[in-house]
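Residue-level structural notes
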Amino acid sequence: MSKLRNAVMVRKTSLKRKQNVEHSPQRKRLCRERIKEESPRIVNVTEIDCHSFKDLTEICSIRACLLSWYDKNKRELPWRRMAVAESDLNKRTYAVWVSEIMLQQTQVATVISYYNKWIQEVNEMWSGLGYYSRGRRLHEGAQKVLSEFNGEMPKSAEELQKLLPGVGRYTASAIASISFGQVTGVVDGNAVRVLCRTRAIGADSTSSAVTEALWALANILVDPVRPGDFNQAVMELGAIVCTPKAPLCSECPVQAHCRAYQQVIKEEKAVSKRLLGNTMSKLSCTPDIEECGSCSLCLLDRKSWVSSLGVMNFPRKPAKKPPRTERTLTCVVTRKRNTDDTEEYFIIQRPKFGLLAGLWEFPSILMEAELTETKQKHTILDRLAELMGSSVTEANLQHLGEVVHIFSHIHQTYHVYINSFSDTTVITVKQEETECPPFRWVTKAEFHQSAVSTAMKKVFRLYGNLCMNEKLFNKGDKQECGFETYGEKRKGRKHTGPKDSGRRQLSMDSFFRPAVKEPL
């Protein structure tokens, strides 16, 4: 009984909130004022008619409810504080730009620490955040702003998308609405979920038809007075209330306008009538999902509705393909520096396109098929001979073990080998002189400061563990390298950049400060 009583109270509270909002004089006056202003912008899109909004009154109600909820419940995030507090438009835009790029395919909790470090001063802080091409394109875009636009950021979503590398439709719209107040909607993963549920869009949310429909709905719904806040409110709602699993419908500020929730209520009423022996018991308990003929946005049919999912019937996505399995041969090549006996490691730069583009790694070869250990060694030796010449021999080649790393679409297993050269061996890398050499020798500290992937850090850790187990490092070497045994917690480790400040990402102030030439 207590659960039923709570459900009744929640429903009454929701209806009261809806009633108060719909009949408030302020909202009615606001609707009347905006009808003339927004009518040209809110066009009738035939393909989303059945899933669009009833009228401007409903649109204004959703805006008011959502913005009121956002003002009371929004999370305090560093980029939001800066977007409000920073008076310099270029700095504010850059701060939002960095946050939006970092948040692509990455959770807010993960991004916060990286964002704070980036904004203060950073060298290779992106390493470990994943999707490394984002960081490279962000740096390219920042250089373009300085060199081609004299430090002035593009001032519209259209210009941002056209002029800056790595800035797509969503990122451009988010930056423009938050920084410039441009009246444009946004569609990210959270917005997709909110819009699909509120409008009962059950077709594949990744299809081009649904994507365009969602952008049309987002542009209709965005608040013209507070576009940036409204877009953030939609995304915030999807992040903390309208979640993929276990959504908190009782806390949703737009529950009264949610068609998915209305379908759930209809189903519950039908089930209740059947259990009570009502004459309506012969009715199907499948909810009366709104049909609109040949609409490409609806659920395929009534059978597509799964009662146990409730509002989670929306959105619909195609089944994920399992990650493909790959195996890669990787060799940690080391040598002793003749001058001071420091150990150095040979790393190679990946191509500028594709997976982990432009990152540094130990020499690696993708295995086309399963190979015996003998054939693996021969394959590695052939590759090292291409890079280093005839000084590579099988005598020094040793198998270390395996490292498994899961990318978003690849289950990667690294078969790790080591090839160590004595301090008297002269290694000559066979490469043409270029402005940015694709190979280099680095120390332990330089390796950790380089743009290397998390997978390569795992490989390096495996090598370090072996070195400690064989007592090849003394205590001082272990502390310098930062290796730890499996299961050992990494405490108190801070990132320290190199002394060469010329290669570091500039701080916010110095980024927009004109460069001063030092006297010769």
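Above this text sits the structure in question.
Given the structure is predicted, the values throughout are model-derived calculations rather than measurements. Counting starts from 1 at the beginning of each chain's written sequence and moves along it residue by residue. At least 70 in pLDDT is required for a residue's local features to be given in this predicted model, at least 80 for side-chain atom pairs to be given and counted, and no such filter applies to totals for whole chains, interfaces and linings, which use all residues. Only hydrogens and water are set aside; all other atoms, that is, all heavy atoms of the structure, feed into the side-chain values.

1. Focus: the overall build of the chain
- Helix numbering and strand numbering both begin at the N terminus, where a helix is a DSSP run of H or I of at least 4 residues and a strand a DSSP run of E of at least 2. A count of helices and strands for the chain gives 18 helices and seven strands.
- A simple rule labels every residue: compare its accessible area, found with a 1.4 Å probe on the protein chains alone, to the largest value its type can have, and call it buried under 20%, exposed over 50%, or partly exposed in between. Counting the 520 residues in the chain, one finds 46% classified as buried.

2. Regarding the pattern of salt bridges
- Each reported salt bridge corresponds to a side-chain nitrogen of Lys or Arg within 4 Å of a carboxyl oxygen of Asp or Glu. For the coordinates displayed, the defined rule picks out 13 salt bridges.
- With a closest N to O distance of 2.9 Å, Arg 226 and Asp 229 form a salt bridge.
- Given a relative accessible area of 27%, Arg 226 falls into the partly exposed group.
- Overall, Asp 229 belongs to the partly exposed group, its relative accessible area being 27%.
- Between Glu 373 and Lys 377 there is a salt bridge; the shortest N-O distance is 4.0 Å.

3. Observations concerning the environment of Phe 447
- Note on placement: Phe 447 falls in helix 15 (residues 444–449).
- Remark: the alpha-carbon pair of Phe 447 and Phe 460, spanning 13 residues in sequence, is separated by 9.2 Å.
- The contact criterion used is simple: two residues touch if any of their non-hydrogen atoms lie within 4.5 Å. Residues in contact with Phe 447, not counting those within four places in the same chain, are Ile 347, Phe 362, Val 442, Val 452, Met 456 and Phe 460.

4. Brief notes about the pairing of strand 1 (residues 324–336)
- Of the strand pairs in this sheet, strand 1 and strand 6 (residues 410–420) are connected by eleven bridges, and their pairing is parallel. In the strand pairing of strand 6, Thr 330 is matched with Val 416.
- Strands pair, by our definition, only if DSSP identifies at least two bridges between them. Taken together, strand 1 and the strand that follows it, strand 2 (residues 343–349), pair antiparallel across an intervening segment of six residues, in which Asp 341 is found at a positive phi of about 65°.

5. What to know about the nonpolar core
- Nonpolar cores are built from buried Ala, Val, Leu, Ile, Met, Phe, Trp, Tyr and Cys residues. Side-chain atoms within 4.5 Å join them into one set. With 50 residues, the main nonpolar core has Leu 66, Leu 214 and Leu 237 as its most contacted residues.
- With nine residues, helix 3 (residues 56–73) is the single largest residue contributor to this core.
- In contact with Leu 66, not counting residues within four places along its chain, are Phe 230, Ala 233, Val 234, Leu 237, Pro 253 and Val 254.
- Judged by nonpolar contacts, the second largest core, of 25 residues, contains Leu 356, Val 416, Ile 418 and Val 442.

6. Digging into unusual backbone geometry
- Phe 314 connects to Pro 315 through a cis peptide bond whose omega is -10°.
- Its place among the elements puts Pro 315 in the loop between helix 13 (259–275) and strand 1.
- Even without a glycine there, the phi angle at Leu 356 is positive, about 55°.
- On the secondary structure map, Leu 356 appears in the loop between strand 2 and strand 3 (360–361).
- With a relative accessible area of 10%, Leu 356 lands in the buried category.

7. Examining helix 3
- The terminal C-alpha atoms of helix 3 lie 25 Å apart, and with 18 residues this matches the ideal 26 Å at 1.5 Å per residue to within 8%.
- Along helix 3, the positions that sit buried rather than exposed are Leu 56, Glu 58, Ile 59, Cys 60, Ser 61, Ile 62, Arg 63, Cys 65, Leu 66, Leu 67, Trp 69 and Tyr 70.
- Capping the start of helix 3 is the job of one residue whose side-chain oxygen sits 3.0 Å from the backbone nitrogen of Thr 57: Asp 55. To estimate how far a helix should extend, the number of its residues minus one is multiplied by 1.5 Å. Polar contact is the term for a pair of N or O atoms within 3.5 Å; when the atoms are in protein, one must be able to donate a hydrogen and the other to accept it, and sequence-neighboring residues count only if both atoms are side-chain atoms.

8. Thoughts on the packing of helix 10 (residues 189–198) against helix 12 (residues 227–240)
- Fitting a line to C-alpha atoms yields each axis, with helices limited to the stretch in contact; the angle taken between N-to-C directions then spans 0 to 180 degrees. One can describe the packing of helix 10 onto helix 12 by two numbers: an axis separation of 8 Å at closest approach and a directional angle of 85°. On the basis of the axis angle, helix 10 is roughly perpendicular to helix 12. Contacts between helix 10 and helix 12 involve Asn 190, Ala 191, Arg 193 and Val 194 from the former and Val 234, Met 235, Leu 237, Gly 238 and Ala 239 from the latter.
- Lys, Arg, Asp and Glu make up the charged group, whereas Ala, Val, Leu, Ile, Met, Phe, Trp, Tyr, Cys and Pro make up the nonpolar group; the residues left over, Gly among them, are polar. Residue composition of the contact of helix 10 with helix 12, grouped by class: six nonpolar, two polar and one charged. In these notes the angle categories are as follows: under 35 degrees is roughly parallel, over 145 is roughly antiparallel, 65 to 115 is roughly perpendicular, and the rest is oblique.

9. Quick notes on the side chain of Glu 58
- For Glu 58, the location among the structural elements is in helix 3.
- Residue class for Glu 58 comes out buried when judged on its relative accessible area of 7%.
- A distance of 3.4 Å separates polar atoms of two side chains, one belonging to Glu 58 and the other to Arg 199.
- Beyond its immediate stretch of four places on either side in the chain, Glu 58 contacts Phe 53, Arg 199 and His 257.

10. So, the environment of Glu 368
- Summarising the element assignment, Glu 368 is placed in the loop between strand 4 (364–366) and helix 14 (373–388).
- Separated by 41 residues in the primary sequence, Glu 368 and Arg 327 place their C-alpha atoms 8.0 Å from one another.

11. Describing empty space enclosed by the protein
- Every definition here rests on a 1 Å grid over the protein atoms only: cavities are sets of points where a 1.4 Å probe fits but cannot get out, pockets are open sets enclosed by protein on both sides within 12 Å along at least five of seven lines, and lining residues have some atom within 4 Å of a point. Grid points are joined across faces, edges and corners, and a volume is the space filled by probe spheres set on the points. Taken as a whole and judged by the stated rule, the model has seven cavities of 30 Å³ or more.
- Estimated volume of the largest cavity: approximately 120 Å³.
- Considering the residues around the largest cavity, the lining is formed by 16 residues, among which Arg 197, Cys 242, Cys 249, Cys 252 and Cys 258 are closest to the centre.
- Every element with two or more residues in the lining of the largest cavity is listed here: helix 10 and helix 13.
- At three residues, helix 10 tops the list of elements feeding residues into the lining of the largest cavity.
- A per-class count over the lining of the largest cavity returns 13 nonpolar, two polar and one charged.

12. Concerning the pairing of strand 2
- Counted residue by residue, strand 2 has six buried out of seven residues, so it is predominantly covered.
- Bridge analysis of strand 1 against strand 2 gives four bridges, and the strand direction is antiparallel. The partner of Lys 336 across the bridge, within strand 2, is Glu 343.
- Strand direction decides the pairing type here: strand 2 and strand 7 (residues 439–442), joined by four bridges, are antiparallel. Bridged to Ile 347 within strand 7 is Arg 440.

13. So, the packing of aromatic side chains
- Pairing of aromatic rings covers Phe, Tyr and Trp, the last through its six-membered ring, and needs centres within 6.5 Å; plane angles under 30 degrees mean stacked, over 60 mean edge-to-face, and all others mean tilted. Evaluation of the coordinates by the stated rule reveals ten aromatic pairs.
- For the ring pair Phe 362 and Phe 460, a centre distance of 6.0 Å and an interplane angle of 40° mean the geometry is tilted. Of this pair, Phe 362 sits in the loop between strand 3 and strand 4 while Phe 460 is found in helix 16 (residues 454–469), placing the two residues 98 residues apart along the sequence.
- When its relative accessible area of 0% is taken as the criterion, Phe 362 is described as buried.
- For the ring pair Phe 447 and Phe 460, a centre distance of 4.3 Å and an interplane angle of 40° mean the geometry is tilted. Of this pair, Phe 447 sits in helix 15 while Phe 460 sits in helix 16, and the two are 13 residues apart along the sequence. As far as the burial class goes, Phe 447 and Phe 460 line up, both buried.
- Counting every residue linked through ring pairs, the aromatic cluster contains Tyr 345, Phe 362, Phe 447, Phe 460 and Tyr 463.
- Here, over-ring charges are defined by two tests on the NZ atom of lysine or the CZ atom of arginine: distance to the ring centre within 6 Å, and angle to the ring normal within 35 degrees. Seen from the ring of Trp 441, Arg 335 lies directly overhead, with NZ or CZ sitting 4.1 Å from the centre.
- One Lys or Arg, Arg 440, reaches over the ring of Trp 360 and ends 4.1 Å from the middle of that ring.

Purely geometric numbers; function is a separate question.
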